[in-house]
Amino acid sequence: MKHILLSCLLLLCGGYTLKAQENTKTANEVINTLKERITLQGYAQVGYTYDDQNGGSNTFDIKRVIFMASGQITDKWLCYFMYSFANTGKILEAYTEYKFLPEIKVRLGQFKTMYTFENPISPCYVELINCYAQSVNYLAGIDGSDPLYGSNSGRDLGLMVYGDLFDKLISYNLAVMNGQGINKKDLNNQKDIVGRLIFHPLKWLSAGGSFIKGKGHAVAVSAYNPEIGIGENYTRNRWSAGATITTTPVDIRTEYLAGKDGNVKSEGYYCTASVHVLPKLDVIASYDYLNKNKTAADKQTNYVAGLQYWFYPKCRVQAQYTYCDRHKGESSNLIQAQIQVRF
């Protein structure tokens, strides 16, 4: 009897051992699958700013702390998530995307508005510490400099079709979007149409344009457009045309932008160059012009010069000086330093 009980116990333990091994194998397979299909990334930008406008100010600040996660559900189907921890935490992007063909991809959710060359570029790669040109910040609704649209990080909710044609000679984007910005429902039930068409005639040259045609819903009053009140709907159209040059010695990005909000027209222009003087060291120069109201001549030109050093892949130290030349009000000087780390 004892032998029978001992044999049963041994068989039972062996069964549990085999089951545990199978469970461990299954868990390892799941972990390996997740490693292959899920990518986690993040970056932070912190620095120092001195501004002599209005008596002067200086401060250390956190520009951005971003977390990103992408999941490859199938070979053709993916999802993406981006969250900002700096200042007030908020969801920046959340979308799913399916690739029907290399020429046709469909994206649904919250993502960058494909207006201008510059807005879709990540802050990790934009040369300026203030990130984008004045006109891009204003007309793409990035930093709240347009009070009517608010601060929306250049993003919106909608549906986009995009892809590359003719062996990547042409890139296109066409989207239907709320026009209300991030993390918000549409407040006027009228959608924006956003389009962008870029030609790549040479490996180092890209040229093209973009537009937004739609109706805005004012979230605040604007001194640049006082005829539009909070909660009013108004015509909000934009367009742009520009080019980029990418070579071993220098990168150049230049663009002209124009907008119309109600009856007020605005325009801007920028040209930013990054000269690669050493393998890890760049000299940065930028001319940046914006006129928020062409009738009132409410314009400002920024002249930027600086350096950036890439001490590790995607990690850099930046130092920049900006002279702000205002048509109305006194000119001012801005000195900035920033460090960027990314994983």
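Worth saying up front: this structure is predicted, and the values here are computed from it rather than measured.

Undergrad: When you look at the overall build of the protein in this model, what are you seeing that I'm missing?
TA: A tally of helices and strands in the protein yields 2 helices and 16 strands. In terms of overall size, the protein is more extended than a compact globule, its C-alpha atoms giving a radius of gyration of 25 Å where 343 residues would be expected to give roughly 20 Å. On the principal axes, the C-alpha backbone points of the protein span a range of 105 × 50 × 45 Å. Per-residue burial for the protein yields a buried fraction of 42% across its 343 residues. Pairs at least 24 apart in sequence give 49% of the contacts found in the protein among residues at least 6 apart. Accessible surface, the protein: about 18300 Å² in total, of which carbon and sulfur atoms supply 63%. With 36 positive and 30 negative side-chain charges, the protein shows a spacing of 6 Å between the two charge centroids.

Undergrad: Sorry if this is basic, but what is going on with the pattern of salt bridges here?
TA: When the charged atoms of two side chains with opposite charge come close together, those side chains can pair. Under the counting rule described, the total for this entry stands at 10 salt bridges. The partner of Glu93 in a salt bridge is Arg155, with the nearest N and O atoms 2.9 Å apart. Of this pair, Glu93 sits in strand 4 (residues 90-101) while Arg155 sits in strand 6 (residues 155-165), and the two are 62 residues apart along the sequence. Arg155 shares its class with Glu93; the two are buried. Salt-bridge contacts for Glu127 lead to Arg253; the nearest nitrogen and oxygen are separated by 2.8 Å. Residue Glu127 is located in the loop between strand 5 (104-112) and helix 2 (134-139), and its partner Arg253 is located in strand 11 (residues 250-261); the two are separated by 126 residues in the primary sequence. Just as Glu127 is buried, Arg253 falls in that class too. The structure contains a network of salt bridges with shared partners spanning Glu118, Glu127 and Arg253.

Undergrad: Whenever I open this one, the side chain of Ser153 confuses me. Can you help?
TA: Mapped onto the elements, Ser153 comes out in the loop between helix 2 and strand 6. Once you skip the residues sitting within four places of it in the chain, Ser153 turns out to touch Lys90, Leu92, Lys112, Asn119, Gly141, Ile142 and Ile182.

Undergrad: In this structure, what is going on with the environment of Lys168? I would like to understand it.
TA: In this structure, Lys168 sits in the loop between strand 6 and strand 7 (170-177). Spatially, the C-alpha atoms of Lys168 and His200 are 7.4 Å apart, while their sequence positions differ by 32 residues.

Undergrad: How should the environment of Tyr303 be read in this particular structure?
TA: Structurally, Tyr303 is set in strand 14 (residues 299-312). Note on Tyr303: relative accessible area 38%, which makes it partly exposed. Put simply, Tyr303 and Met68 are 235 residues apart on the chain and 33 Å apart in space, counted from C-alpha to C-alpha.

Undergrad: I tried to follow unusual backbone geometry on my own but got confused; where do I start?
TA: Most peptide bonds adopt trans geometry, and most residues besides glycine take a negative phi value. A positive phi angle is found at Asn183, which is not glycine, with a value near 55°. Mapped onto the fold, Asn183 is located in the loop between strand 7 and strand 8 (192-202). By relative accessible area, Asn183 is classed as partly exposed at 43%. The backbone of Asn189 shows a phi angle near 60°, a positive value even though the residue is not glycine. You can see Asn189 is positioned in the loop between strand 7 and strand 8.

Undergrad: Can you walk me through the environment of Leu205 in this structure?
TA: Mapped onto the elements of the fold, Leu205 is located in strand 9 (residues 205-217). Placed 105 residues apart in sequence, Leu205 and Trp310 show a C-alpha to C-alpha distance of 24 Å. Once residues within four sequence positions are removed from consideration, Leu205 is found in contact with Phe199, His200, Thr244 and Ile245.

Undergrad: Is there a simple way to think about a nonpolar patch on the surface in this case?
TA: On the surface, Val46, Ile62, Tyr309, Phe311, Tyr312, Val317, Ile339 and Val341 cluster together to form a nonpolar patch covering roughly 700 Å² of accessible area. The set of elements that each furnish at least two residues to the nonpolar patch consists of strand 14 and strand 16 (332-342).

Undergrad: Explain the packing of aromatic side chains here, please?
TA: Here the distance between the centres and the angle between the planes together describe a pair of aromatic rings. Tallied over the entire structure, the rule returns 11 aromatic pairs. Note on Tyr98 and Phe100: the rings are 4.9 Å apart at their centroids and 65° apart in plane angle, and the pair reads as edge-to-face. Among the residues examined, Phe100 registers a relative accessible area of 48% and is labelled partly exposed. An aromatic cluster is defined as three or more aromatic residues linked by ring pairs; in this entry it consists of Tyr269, Tyr287, Tyr303 and Tyr323. One Lys or Arg, Arg107, reaches over the ring of Tyr95 and ends 4.2 Å from the middle of that ring.

Undergrad: What is the right way to read the side chain of Arg326 from this model?
TA: The topology assignment puts Arg326 in strand 15 (residues 315-326). Nearest to the buried, unbridged Arg326 among oppositely charged side chains is Asp51, at 5.7 Å. For Arg326, the side chain forms a polar contact with the side chain of Gln53, separated by 3.1 Å. There is a polar contact of 2.8 Å between the side chain of Arg326 and the side chain of Ser332. Sequence-distant contacts of Arg326, defined by excluding residues within four places in its chain, comprise Gln53, Lys299, Gln300, Ser331 and Ser332.

Here is what the cut-offs are and how they apply
Residues numbered from 1 in each chain as written. Predicted model: local features only at pLDDT ≥ 70, side-chain atom pairs only at ≥ 80, totals over all residues. Heavy atoms only, no water. Helix = DSSP H or I, 4+ residues; strand = E, 2+ residues; numbered from the N terminus. Rg over C-alpha atoms; globule rule 2.2 N^0.38 Å. Buried < 20%, exposed > 50% of the residue type's maximum accessible area, 1.4 Å probe, protein only. Contact = heavy atoms within 4.5 Å. Areas by Shrake-Rupley, 256 points an atom, 1.4 Å probe, with all protein chains shown as cover. Lys, Arg positive; Asp, Glu negative; His and termini not counted. Charge placed at Lys NZ, Arg CZ, Asp CG, Glu CD. Salt bridge = Lys/Arg side-chain N within 4 Å of Asp/Glu carboxyl O. Patch = residues over 30% accessible without salt bridge, like charges linked within 9 Å, V, L, I, M, F, W, Y side chains within 5 Å. Phe/Tyr/Trp six-rings, centres within 6.5 Å; stacked < 30°, edge-to-face > 60°. Lys NZ or Arg CZ within 6 Å of the ring centre and 35° of its normal. Polar contact = N/O pair within 3.5 Å; in protein donor to acceptor, adjacent residues only side chain to side chain.

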